[in-house]
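Understanding the architecture of this molecule
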Amino acid sequence: MAATTEAPKKKLTTSAMIASIAAEGQATKPAPFGHALVEAAKADPRILGMTADLGKYTDLHIFKEAFPERFIQMGMAEQLLFGAAAGLAHEGFIPFATTYAVFASRRAYDFIHQTIAEENLPVKIAAALPGLTSGYGPSHQAAEDLALFRAMPNMTVIDPCDALEIEQAVPAMLAHDGPVYMRLLRGKVPLVLDEYGYKFELGKAKMIREGSDALVISSGLLTMRALETAQALEADKVSVGVLHVPTIKPLDAETILREAGKTGRMVVVAENHTVIGGLGEAVAGVLLRNGVAPKFRHIGLPDEFLAAGALPTLHDRYGISAEAMAASIKGWL
């Protein structure tokens, strides 16, 4: 019998700076945060754009080109970035401060806590490379940022799914009277939710897709993957619903309880974050405190320092790719 050989697998590559999460051929929009901030700033002279040497990598260079006199470059000094943002907010401005999520959550946490959150100031933080959207290893992977900012009093926490939601979240952040932390997808960001007639509302979860066998409660990038998973499982006659929870704090407990309380389907929380302290534990707490007890499973990053490498490989390894999620849900069912 003649031996057969498999075709070589395509080499998987990634860039931590670009951190593209779009599939081949997927519709995208460039720099949705930067363009949305420019549109908001045209109507509101209080808006400032601030960064710590990362304007190009947080899409704030779009704002700089439109409003150079309202752009403030602090250099590689994240603590000073947020301290200065607090001072400017005290003077009546609304700073949008950008950096990487690891620097906001780990390097400058105390400055945000003491100068922004305790004063309940309208500083809006947009933090790129959230969760596992960088191949550079633990120094750039903000796997625990939601847990940290959920615990901060006065802080509203947003984890948007795609370019459409980022565009819609910017004016909502501006309208909110207080500090906001938003996980930022940047560069060429996929378009997903436009197909579902989606409209972002601060503090509201939305049913994106109905399903009778399992309900995936997800946020951010994992809502995109949950929708891909649901479509893939249709071929196996598995019906999966997707409840998107873009606002991690305050959590829409009413909608979560209503959808998770429907009998006959397993509840799976999926998040691009460590399983410690993020959306999964927040949802589990809501369910337990209200006596709702579905079959419950959790997809998230492990409680460990993550590896460096190509994002597709890492997403498969840690169970947050669409293929890995589909296998997990089929196994649990």
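This report concerns the structure included in the present document. Being a predicted model, the structure only gives us computed values, none of them experimental. (Residues numbered from 1 in each chain as written. Predicted model: local features only at pLDDT ≥ 70, side-chain atom pairs only at ≥ 80, totals over all residues. Heavy atoms only, no water.)

1. A word on empty space enclosed by the protein
Note the following rule: In the cavity and pocket records, a cavity denotes points on a 1 Å grid over the protein atoms alone where a 1.4 Å probe fits but cannot get out, a pocket denotes an open set with protein on both sides within 12 Å along at least 5 of 7 lines, and lining residues are residues with an atom within 4 Å of a point. Grid points are joined across faces, edges and corners, and a volume is the space filled by probe spheres set on the points. Residue polarity follows a fixed list, in which Ala, Val, Leu, Ile, Met, Phe, Trp, Tyr, Cys and Pro are nonpolar, Asp, Glu, Lys and Arg are charged, and the others, Gly among them, are polar.
Going through the model one piece at a time under the given rule, you end up with 2 cavities of 30 Å³ or more. Lining the second largest cavity we find Pro130, Thr133, Asp159, Pro160, Arg183, Leu185, Gly220, Leu221 and Asn272. In terms of residue class, the lining of the second largest cavity is made up of 4 nonpolar, 3 polar and 2 charged.

2. Structural notes on the environment of leucine 233
Our working definition: Numbering goes from the N terminus for both helices and strands, where a helix is a DSSP run of H or I of at least four residues and a strand is a run of E of at least two. Two residues qualify as a contact provided that any one of their heavy atoms is within 4.5 Å of a heavy atom in the partner residue.
With respect to the secondary-structure elements, leucine 233 resides in helix α8 (residues 221–233). A sequence separation of 142 residues divides leucine 233 from glutamate 91, and the C-alpha atoms of the two residues are 53 Å apart. Setting aside anything within four residues of it in sequence, one finds leucine 233 in contact with Val238, Val240, Ala326, Ile329 and Lys330.

3. Let's talk about the packing of helix α9 (residues 253–260) against helix α10 (residues 279–289)
Short version of the rule: Orientation is described by axes fitted as lines to C-alpha atoms, over the contacting stretch for helices, and by angles from 0 to 180 degrees between their N-to-C directions. Oblique is the label for every angle not falling under 35 degrees (roughly parallel), over 145 degrees (roughly antiparallel), or within 65 to 115 degrees (roughly perpendicular).
Interhelical geometry of α9 versus α10 gives an angle of 70° and a closest axis separation of 10 Å. As summarised for this structure, α9 and α10 are arranged roughly perpendicular, according to the angle between their axes. Across the interface between the two elements, Ala253, Ile256, Leu257 and Ala260 of α9 pack against Val283, Val286 and Leu287 of α10. Classifying every residue of the contact of α9 with α10 by side-chain character gives 7 nonpolar, no polar and no charged.

4. Some thoughts on the sheet that holds strand β9 (residues 206–209)
Note: strands within a sheet are paired through backbone hydrogen bonds, in either parallel or antiparallel orientation. Selection criterion: By this definition, two strands are paired if DSSP reports at least two bridges between them.
In spatial order, the strands read β9-β11-β10-β13-β14; together these 5 strands make up an open sheet with mixed pairing. For this open sheet the edge positions go to β9 and β14 (296–301), each flanked by a neighbour on one side alone. Within the sheet, the average angular offset between the axes of one strand and its neighbour, ignoring direction, is 25°. Bridge count for β9 against strand β11 (residues 240–244) is 3 bridges, and the pairing is antiparallel. Within the sheet, the bridge partner assigned to lysine 206 lies in β11 and is histidine 244.

5. Focus on the pairing of strand β10 (residues 214–218)
What counts, and what does not: Relative accessibility under 20% of the residue-type maximum defines a buried residue, over 50% an exposed one, and the middle range a partly exposed one, all with a 1.4 Å probe and only protein chains included. Handedness rule for crossovers: strands pointing away from the viewer, path from the first strand over the helix to the second running clockwise, crossover right-handed.
With respect to burial, β10 is a largely interior element, 5 of its 5 residues being buried. Because side chains alternate across β10, one face comprises the buried residues Ala214, Val216 and Ser218, and the other comprises Leu215 and Ile217, equally buried. Pairing of β10 with β11, which is carried by 5 bridges, proceeds in the parallel orientation. Paired with serine 218 across the bridge in β11 is histidine 244. Each parallel crossover has a hand, and the one from β10 via α8 to β11 is right-handed. Pairing geometry for β10 and strand β13 (residues 266–274), over 5 bridges, is parallel. Bridged to leucine 215 within β13 is valine 267.

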